[in-house]
Structure formats: C-alpha cells, structure tokens
Amino acid sequence: MRLRAIGPAWPDVLEGHAAVDATGQRLIAQLGACEAAALAFCRLLERWARGEAWPATPGAREAALRHAADRAETALTGLDVPLGRYLLELEPERAEGRSWYGEPGRAELVEWGPILRRAGVHASPARVAQVYLELAVLVRALEGLSAAARIGSEPDRSSLWAGLFDLRENLLGRAVEDLRALAA
C-alpha cells in the first residue's frame, strides 16, 4: 500500500506515461521500496551527523548501518528489471530529452569520516559518502518529479526517459557495489 500525497506525485507521472499498466505498477512498487530504503539509510546517517547516538552502542550502530545498506542494496537490485522494461516501453518521441532532476546539492556533500568515527562505526567513509549522495539524489529526484506533477509541469516522455535512464546508470552501477560492501 502506498501513501498518497496531496495532489499528483511521482507515481502518477510514471503511471500516466506507462505503455503497459503492469510494467508501470511494477516500477512504481519497486521505486517506492527504493525510496523508503534510501530515506532510512540517509536518516540513519543524518542522526549520527546531529550527534544522536542511536542505536545506543557502537556495535548496534554498525549493525544498523549494515542492515540499512542491505535493505537499500536489495531494493536497488530489484529495480533493474522493472526500470529496464519501463524504459524500453516508454519509447520517447525524440532521442534528445533532458534529465528532470538536478545535480547533487551542497547539503548532500558531507565528510562522513569524523561522523563515523564519533559513532564508533568502522565503515569506509568514501563508500558511505558515495552511497549517501546517490540515495539522496534519488529521493530528491522523486520529490522533484512529484513537485513538477503538482504544479502541472511534469517532463515530457523524452525527458522522463532521460531522467530515469540517468538514475538507472547512477544507482545500478557503483551505488549497488558500495551498498553491498557496506552490508557485508
């Protein structure tokens, strides 16, 4: 079950452009799982950045990071087939669409080394930074697509295809590898 935002949201945009309803629904369900896992991963790290010691012990914090990474890796791995199928069926009317989401913002560029040390978590700060960045961009992209839908300026088919293709390239490459390493 998915919570409905007030007004149209990113699932409505994807549903509206789906050539085959079942493909659209599979993609929406998997992107919803990716969004939830990305939010959980990012919020865990953001709590540590604010100095909140949750969970209470360093060992439990390491386990929480591994669990959040495993959940995000599983969700992203499951995205490959439905997103690939959706892109194939979307067939943009022109090959030159523009991506509908922006580059990472300054708030997403965080030096995680000191934060991880303070939390007592032994994980690669470079991997954590890369994964956090990719997942934060995913969440922001979906929020941006929802905002565009609410104000009636959703992207055309070509731009929707370009943005989803860019997300796929960013998420299903290095981000999945980094999440797998963090979950191990």
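### Some points on the environment of G59
Next up, step 1: Following the sequence through the fold, G59 ends up in helix α3 (residues 58-77).
Next up, step 2: Expressed as a C-alpha distance, the spacing of G59 and A119, which sit 60 residues apart in the sequence, is 9.6 Å.

### Digging into α3
Next up, step 1: A rise of 1.5 Å per residue sets the reference length of α3, with its 20 residues, at 28 Å; its end C-alpha atoms lie 28 Å apart and thus fit the reference within 8%.
Next up, step 2: Those residues of α3 that are buried lie in contact with α2 (21-49), α4 (80-90), α5 (113-119), α6 (125-150) and α7 (157-183).

### Observations concerning the pattern of salt bridges
Next up, step 1: Throughout the structure, instances matching the rule amount to six salt bridges.
Next up, step 2: Salt-bridge contacts for E62 lead to R66; the nearest nitrogen and oxygen are separated by 3.8 Å. Of the two residues, E62 and R66 are both situated in helix α3; the distance of four residues between them amounts to about one turn of the helix.
Next up, step 3: The class for R66 is partly exposed, based on a relative accessible area of 32%.
Next up, step 4: Here R85 ties to E89 by a salt bridge, and the two come within 2.8 Å at their closest N and O atoms. With R85 and E89 both in helix α4 and four residues apart, the pair spans about one turn of that helix.
Next up, step 5: Take R85: its relative accessible area is 43%, and that puts it in the partly exposed class.
Next up, step 6: Each of the salt bridges in this network shares a partner with another, and the network as a whole consists of R127, R174 and D178.

About the criteria used
- Residues numbered from 1 in each chain as written.
- Predicted model: local features only at pLDDT ≥ 70, side-chain atom pairs only at ≥ 80, totals over all residues.
- Heavy atoms only, no water.
- Helix = DSSP H or I, 4+ residues; strand = E, 2+ residues; numbered from the N terminus.
- Expected span 1.5 Å × (residues − 1).
- Contact = heavy atoms within 4.5 Å.
- Salt bridge = Lys/Arg side-chain N within 4 Å of Asp/Glu carboxyl O.
- Buried < 20%, exposed > 50% of the residue type's maximum accessible area, 1.4 Å probe, protein only.

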